Amino acid sequence: MLTKFETKSNRVKGLSFHSKRPWILASLHSGVIQLWDYRMGTLIDRFDEHDGPVRGVHFHKSQPLFVSGGDDYKIKVWNYKIHRCLFTLLGHLDYIRTVQFHNEYPWIVSASDDQTIRIWNWQSRTCISVLTGHNHYVMCASFHPKEDLVVSASLDQTVRVWDIGALRKKTVSPADDILRLSQMNTDLFGGVDAVVKYVLEGHDRGVNWAAFHPSLPLIVSGADDRQVKLWRMNDTKAWEVDTLRGHMNNVSCVMFHARQDIIVSNSEDKSIRVWDVTKRTGVQTFRREHDRFWILASHPEMNLLAAGHDSGMIVFKLERERPAFSVSGDHLYFVKDRFLRLYEFSTHKDNQVIPIRRPGSISLNQGPRTLSYSPTENAVLVCSDVDGGSYELYIIPKDSIARGDTVQEAKRGVGGSAIFIARNRFAVLDKSNNQVLVKNLKNEIVKKSGLPIAADAIFYAGTGNLLCRAEDRVVIFDLQQRLVLGDLQTPFVKYVVWSNDMESVALLSKHAIIIASKKLVHRCTLHETIRVKSGAWDDNGVFIYTTLNHIKYCLPNGDSGIIRTLDVPIYITKVSGNTIYCLDRDGKNRAIAIDATEYVFKLSLLKKRYDQVMSMIRNSQLCGQAMIAYLQQKGFPEVALHFVKDERTRFNLALESGNIQIAVASAKEIDEKDHWYRLGVEALRQGNASIVEYAYQRTKNFERLSFLYLVTGNIDKLSKMLRIAEIKNDVMGQFHNALYLGDVKERIKILENAGHVPLAYVTAAVHGLQDVAERLAIELGDNVPTLPEGKVPSLLMPPSPILYGGDWPLLRVMKGIFEGGLDNAGRGAQEEDEEAADGDWGEDLDIVDVDGMQNGEIRVVVEDGEVHEENEEEGGWDLEDLELPPEIDTPKATVGTHSAVFVAPTPGMPVSQIWIQKSSLAGEHAAAGNFDTAMRLLSRQLGIKNFTPLKPMFLDLHTGSHTYLRAFSSAPVISLALEGGWNESVSPNVRGPPALVFNFSQLEEKLKAGYKATTSGKFTEALRLFLNILHTIPLIVVESRREVDEVKELIIIAKEYVLGLKMELKRRELKDNPVRQQELAAYFTHCNLQMPHLRLALLNAMTVCYKSGNLNTAANFARRLLETNPTIENQAKTARQVLQAAERNMRDSSQLNYDFRNPFVVCGATYVPIYRGQKDVSCPYCSSRFVPAQEGQLCNVCELAVVGADASGLLCSPSQKR
């Protein structure tokens, strides 16, 4: 049995498959109906309007409906699209056992414990017939798939077949007079629309189920006499054919399989049995441990069955449907219907070659599983599961290809899997001895070779090599040299697909695809939620694979996508150009045409074949948000620009690729404040001052404009800004501009006009304008503010800019691969679309003219603007029509003249990158700013998953190991990496490790501070210090092995204190639980503390227990305290007094979870003792111990690592190199 899906729920009493979608309905004993997607394994919906168990449920074949019947005597018809019950059919007087829609007519048949069967019309919502005749509960009733018959089974030990032909005629032509008469009689005598055709008697007990064969005149029934009976019928009579015995308890359901000659039955004996209809013998049995089976359902179209039991249901197949096949060049050999067939891809011819014997055994799943072909010898190996795994070797005669009827005796042998490994040698896996037998074509053993892992299957891996599969890994094994060539950990691999050049391999497991090299070096892993079915490599090295419902692709870097959807699963045999050849489940060859544009485009980008990218951009219909997002994500925004017509998207892409001209053009089209602002930010980043200015002018952003003029030293324009602020009556703007200009008189005037006369006076006096100050003093009279004595005023005068100019000098940027290509494309092809025609993706503004003047034209434009302004001062700035630089044709001559162009030297490797090249120390990676690798290292070495507490440390390390230098005012700040361990003798080219801000001596200081806080009882402060030590250690780097040991020792000390202090703080929170208080105080004394702290902990525990009346326990603490020879007399005295009191009354008033005689450690999360011999799990970093239930949780002590995680251990010194 191949289980495809399983659920856990209440007892399942009814099941129904949807005919098209991968859905199954399960009705439960609890009254709920569940709708599952068995392909994805998810619960889609639940319907719970029934009161009590729902025993029957059925999907309609074509409408979005299903029907259910339950113990509340109600039949409900539901629409699953609108998630509700449409109507309820009432009429039965007892539990309803089964319900079923008719394939063709709008009918529902229902069987009930009221001893009747009813047929309803769900369109008119009425009962159209009542079938009476059974004299006990009717357990099931169902329509015949093609004829006008109903079969029913009842506890009166009979199976009845009813003829409903009259009912059909009435439905088709209801106007008949005779029928109208019979309608009147119906009310008196019950209808004559349905008459009993046969009564089948033969069971000794009540019959639980009866079902028709889909095409033959057969009926199968199952009953409480534990027997399955097979009946045959003709037009006049029906008779018993045979009885199938084997079930140990009541048979609850039985049915014919739609595609094979078998009967499937299930029973309350907790088994499903499969019977052969022709031989009438049992074929196979599947058992469950504890669950009785109640119901079976089969899929109307596919080879799927479902069974409901006491605690859920299973969806399963009886046999694999994957045809065994092998591809060799233009030929495909495959097995279909006990014949080996040959298909030629080029001619699409399909011939049968030789018959392959059908397995002699009677159980299922014995068909061929794999096929291996040797082209030179024309030999085929067919493997199947017969006798626990065996193979057959056939030599194909050269002339028989046409006839394919000569039976030849195959050479056979036992073995898990057999494959050709050379022209005339094949390998057979001998699982029991874990070895491979190499045999020749006479089936004689040539060589034996032990395997390096316990393999359960072998696959071809090139001549003389095997790929061996174990549960969780695969290895490539060279049989000649007996060497392991490659080893890779993987999920359980089902299929192996090699590329044509044998350089790459795809390992297919149930839900994942692993792509690796021929030496099993991992390249990428893809995870799929839906099962992976097959795959093949195309000519470009892209892996094309199928899941149950898609054909998809996987690029070498792990990017994947959907090529098309599938109606039914297929098995890819070969990919050639835009055609996929495949086999379907019926063993038919199909060729499917696909559109490979998307993945070929992505592959060209990946492999940097830009000429192909160019031609595809020009000629294909590639576009869409997904493609643009992909190009953006992969760092090709300039390519994405060529697909996009939408101005907003163009603007974003232009900013991302730094293409100011396109950004300006798009911003003009959009003309929104936000876009101008973002354009300004990008232009400022590029130092393109004129565009920044233009953007600020468009948004009338005068404050930013003033600041820009200040930064670029444009004093003339600053004065204009002052005048504009004056005209706009913007006092604050005026004052700022006066401040930027250093114009003191203007500032005094502004302050005076605004009514701030005292401020105006102070400004004048400080800046030495005595005459103005005197005039203002007279105005102020007695309110003259006093200036502080003996202070030298520092004047607010802005420094003069060193460089005055427009744009920053830019390095000549060589045009990207794409830019030139797209330019030429535009000219050559005279493209209609503007983008390609003026698709100059380089930045024209960045070109430095030969005579060294940058973008002279821009300045001319700006000056024109100025003339324009002076004439119309009153109207503010009217800059709307300003001509803009991007539209000016910059002289192209400069592109070619390389002599005058400065070419930047190639940058060396940054120091921070050198630091991380060979280092496995997380602290050094964090210092270099490589936080993600630092986190990965910590995760691998110490199992750390919670990095929140480490964030400030990471930032401190990074900022602390870099310094920043200012070169001159308009240049960016230079960042320098600080190296540790520098001295004069070191060669200047050798780079040292980073200077780290955390070192071991700081931790020792913190430890002392923690001890001190503990002694003085500041537990919260102490806990903070010890936790800080635990959080800093992962990022510490020390020199010697001795220091490494000290660091590890420090972890243990800090861990013990954190655990103890957390328990003590927890104890203080618990006011109303004296027992727990005593336990926590007791556990604290078992933490590994310094002697003074241990004494305090013992004194504390003794006091708590004594006060709570646990004198015996208190005496134990007193003894332990006296054994430490306390130096403080007061402590010893108290202990002695407690001992004396306890000796008089040796009892404990409450029972504690604490046994001091039995050694234990305390669980770091639940604070309960874990005694010696009990199972526990530990934190991979701080080694705190926990009860097994905490596995997978965050460690409560260090708050960093995951309990029970795998970790390689602390790495904090270069001396620990492994």
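Structure shown above.
In this text, all values refer to a predicted model and were calculated from it rather than measured experimentally. (Residues numbered from 1 in each chain as written. Predicted model: local features only at pLDDT ≥ 70, side-chain atom pairs only at ≥ 80, totals over all residues. Heavy atoms only, no water.)

1. What to know about the overall build of the protein
Step number 1: Counting secondary structure elements, the protein contains 31 helices and 61 strands.
Step number 2: Looking at the protein as a whole, 51% of its 1218 residues qualify as buried.
Step number 3: A sequence separation of at least 24 residues applies to 48% of the contacts in the protein between residues at least 6 apart.
Step number 4: Total accessible area computed for the protein in this model is approximately 58,400 Å², and 50% of it derives from carbon and sulfur atoms. (Helix = DSSP H or I, 4+ residues; strand = E, 2+ residues; numbered from the N terminus. Buried < 20%, exposed > 50% of the residue type's maximum accessible area, 1.4 Å probe, protein only. Contact = heavy atoms within 4.5 Å. Areas by Shrake-Rupley, 256 points an atom, 1.4 Å probe, with all protein chains shown as cover.)

2. Comments concerning the sheet that holds strand E3 (residues 23–28)
Step number 1: Strand order in the open sheet made by the four strands is E2-E3-E4-E5, with antiparallel pairing throughout. The sheet is open, and its two edges are formed by strand E2 (12–17) and strand E5 (42–47), each paired on a single side. The average undirected angle you get between the axes of adjacent strands in this sheet is 20 degrees.
Step number 2: Relative to strand E4 (residues 33–37), E3 runs antiparallel, the two sharing five bridges. When the sheet's bridge partners are listed, Ala26 is paired in E4 with Gln34. (Pairing = 2+ DSSP bridges. Axes fitted to C-alpha atoms, helices over the stretch in contact; angles between N-to-C directions.)

3. Considering the side chain of Ser666
Step number 1: Secondary-structure assignment places Ser666 in helix H8 (residues 660–670).
Step number 2: Not counting the four nearest positions on each side in its chain, Ser666 is found in contact with Glu647, Arg650 and Phe651.

4. Examining the packing of helix H29 (residues 1091–1107) against helix H31 (residues 1129–1144)
Step number 1: Orientation of H29 relative to H31, taken along the N-to-C sense of each, is 35 degrees, at an axis distance of 11 Å. Note on packing geometry: the crossing formed by H29 with H31 is left-handed. Between H29 and H31, the contacting residues are Arg1095, Leu1096, Leu1099, Met1102 and Tyr1106 on the first element and Gln1131, Thr1134, Ala1135, Val1138 and Ala1141 on the second.
Step number 2: Across the contact of H29 with H31, the residue classes tally to seven nonpolar, two polar and one charged. (Left-handed = near helix turned anticlockwise from the far one by under 90°. Nonpolar A, V, L, I, M, F, W, Y, C, P; charged D, E, K, R; others polar.)

5. Considerations on the nonpolar core
Step number 1: Core analysis: the biggest nonpolar cluster contains 85 residues, and Leu938, Phe1026, Ile1033, Tyr1181 and Cys1198 have the highest contact counts within it.
Step number 2: Here this core takes 10 residues from helix H27 (residues 1041–1069), the largest share from any one element.
Step number 3: Apart from residues no more than four positions distant in its own chain, Cys1198 is found in contact with Leu1027, Leu1030, His1031, Cys1179, Tyr1181 and Cys1182. (Core = buried A, V, L, I, M, F, W, Y, C linked by side-chain atoms within 4.5 Å.)

6. Side note on the state of the cysteines
Step number 1: Taken as a whole and judged by the stated rule, the model has zero disulfides.
Step number 2: In this structure Cys1163 is a free cysteine whose sulfur lies 9.6 Å from that of Cys1195, the closest cysteine sulfur available.
Step number 3: Cys1163 gets classed as buried once you look at its relative accessible area, which sits at 0%. (Disulfide = S-S within 2.5 Å.)

7. Thoughts on the pattern of salt bridges
Step number 1: Under the defined criterion, the tally for this structure stands at 41 salt bridges.
Step number 2: Note that Arg341 is salt-bridged to Asp350, the shortest N-O span being 3.2 Å.
Step number 3: Of the charged contacts, one joins Glu672 and Arg648 as a salt bridge, the two residues approaching to 2.6 Å between their closest N and O atoms. Of this pair, Glu672 sits in the loop between H8 and helix H9 (673–686) while Arg648 sits in helix H7 (residues 647–656); the two residues are 24 residues apart in sequence, bridging distant segments of the chain.
Step number 4: For Glu672, a relative accessible area of 32% corresponds to the partly exposed category.
Step number 5: Here the residues in one salt-bridge network are Glu6, Lys8, Arg288 and Asp291, joined through shared partners. (Salt bridge = Lys/Arg side-chain N within 4 Å of Asp/Glu carboxyl O.)

8. Brief notes about a nonpolar patch on the surface
Step number 1: Residues Leu965, Ile974 and Leu976 make up a contiguous nonpolar surface patch of about 240 Å² in total accessible area.
Step number 2: As for its placement among the helices and strands, Ile974 is situated in strand E57 (residues 974–977). (Patch = residues over 30% accessible without salt bridge, like charges linked within 9 Å, V, L, I, M, F, W, Y side chains within 5 Å.)

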